[in-house]
Amino acid sequence: MSDNLVEVSDYLREPLILLNTAFKTSKELFTAINATALENGFVTDQFLPKIIKREATFPTGLQLEHRGIAIPHTDADTIKQEFVAVVVNDEPIVFSRMDDPEQTVGAKLVFVLGLNQPHAQLDMLQALMSIIQDDTLVNSLEHADNTDQIHELLSK
Amino acid sequence: MKKLNVLVACGAGIATSTVVMKKVEDLFAENNIDANLIQIKIAEAASKQDDADMLISTTVLPTEYRIPAIKAMGFLTGIGADKLKDEILTKVHEIQAQ
């Protein structure tokens, strides 16, 4: 991962790192992310309806070896400034699986990807996929106490 | 040997397909497979399949396709990635043998 010029942490925006949240559903999570992202001018007013619809049609839950995570994202035209939002919820939130919407995963760790250049973020996305494949690292993210730790863990 | 046209799809054609594009590019390069990779949204797959030999997707497949379709979640999670590579290569060799 250290070979990558771009790190996931480069895409973190301080107000979009939410720790110890108590969202019950993905919709609650999206609503909270949208409120902050709108306020900061990161997204258009189409972001919330589109990400909810997109998650319903093409869900983003991923079943890892020991846990679920989710990487919700939506159309590029709703993103004004790119970001990766990190949410660590106290309890797992139900997401349908990307490869089989009939099945669900419980995700405590959610990365909301706000991306608007289809081919430009390969390094970041590869770094992110390496991160989610590292069980120890994902576990550390799930137990992070503050945003500095999240920054540090996502700079590796 | 015929040059393959391969569609690489995800829901929005923006995030996961970008990662899978790179993995498939590397896989094909390692195995000397000559192919055009085309990154699309899964919704475009039905209309683009006539000009393509194969579809590799990270989403659920919303319909049946006339071309072989492979789900490539393993490139994202790492689970079963080697098996997935074998599956893709086997399919490529089948298409090339036609």
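### Overview of unusual backbone geometry
Residues and elements named next belong to chain A.
Move 1: Phi is positive for Asn20, close to 55 degrees, though the residue is something other than glycine.
Move 2: Topologically, Asn20 is positioned in strand E1 (residues 17–21).
Move 3: With 11 C-beta atoms packed within 10 Å, Asn20 lands in the exposed category.

### Notes on the confidence of the model for chain B
Move 1: The predicted model of chain B has a mean per-residue pLDDT of 91, with 100% of residues at 70 or higher.
Move 2: Two summary scores accompany this predicted model of the complex, namely pTM at 0.91 and ipTM at 0.83.

### Concerning the interface of chain A and chain B
Much of the literature gives interface size as the accessible area that the parts lose upon coming together.
Move 1: With 25 residues of chain A at the interface, the matching set in chain B holds 18 residues.
Move 2: Mapped by element, the contributors of at least two residues to the side of chain A that touches chain B are helix H2 (47–57), strand E2 (61–63) and helix H3 (122–132) of chain A.
Move 3: Examining the composition of the side of chain A that touches chain B, we find that four residues originate from one element, H3 of chain A, more than from any other.
Move 4: Taken together, the residues of the side of chain A that touches chain B sort by class into 12 nonpolar, eight polar and five charged.

### Here's the deal with helix H1 (residues 26–39) of chain A
Residue and element names in this part refer to chain A.
Move 1: An ideal rise of 1.5 Å per residue puts 20 Å on 14 residues; H1 measures up with 20 Å between its terminal C-alpha atoms.
Move 2: When we look at burial in H1, the residues that qualify are Ser26, Leu29, Phe30, Ile33, Asn34 and Ala37. Buried positions in H1, seen along its axis, are confined to an arc of 130 degrees and lie on one side of it. For H1, exposure combined with an orientation more than 90 degrees from the buried face picks out Ala35 and Glu39.
Move 3: Packing partners of the buried residues in H1 comprise H2, strand E4 (83–96) and strand E5 (104–114).

### Describing the packing of H1 of chain A against H2 of chain A
All names here are of chain A.
Move 1: Put simply, H1 and H2 touch, their axes get as near as 9 Å, and they point 150 degrees apart. Between H1 and H2, the crossing angle belongs to the class labelled roughly antiparallel. Considering how the two elements wind past one another, H1 and H2 form a crossing that is right-handed. Along the contact surface, H1 presents Ser26, Lys27, Phe30, Thr31, Asn34 and Ala37, while H2 presents Phe47, Leu48, Ile51, Ile52 and Glu55.
Move 2: Residues of the contact of H1 with H2, tallied by class, amount to six nonpolar, three polar and two charged.

Criteria and thresholds
- Residues numbered from 1 in each chain as written.
- Chains lettered and ligands numbered in written order.
- Predicted model: local features only at pLDDT ≥ 70, side-chain atom pairs only at ≥ 80, totals over all residues.
- Helix = DSSP H or I, 4+ residues; strand = E, 2+ residues; numbered from the N terminus.
- Buried ≥ 20, exposed ≤ 12 C-beta atoms within 10 Å, placed from the backbone.
- pLDDT = per-residue confidence, 0-100.
- Contact = placed C-beta atoms within 7 Å.
- Nonpolar A, V, L, I, M, F, W, Y, C, P; charged D, E, K, R; others polar.
- Expected span 1.5 Å × (residues − 1).
- Arc of directions from axis to C-beta.
- Axes fitted to C-alpha atoms, helices over the stretch in contact; angles between N-to-C directions.
- Parallel < 35°, antiparallel > 145°, perpendicular 65-115°, else oblique.
- Left-handed = near helix turned anticlockwise from the far one by under 90°.

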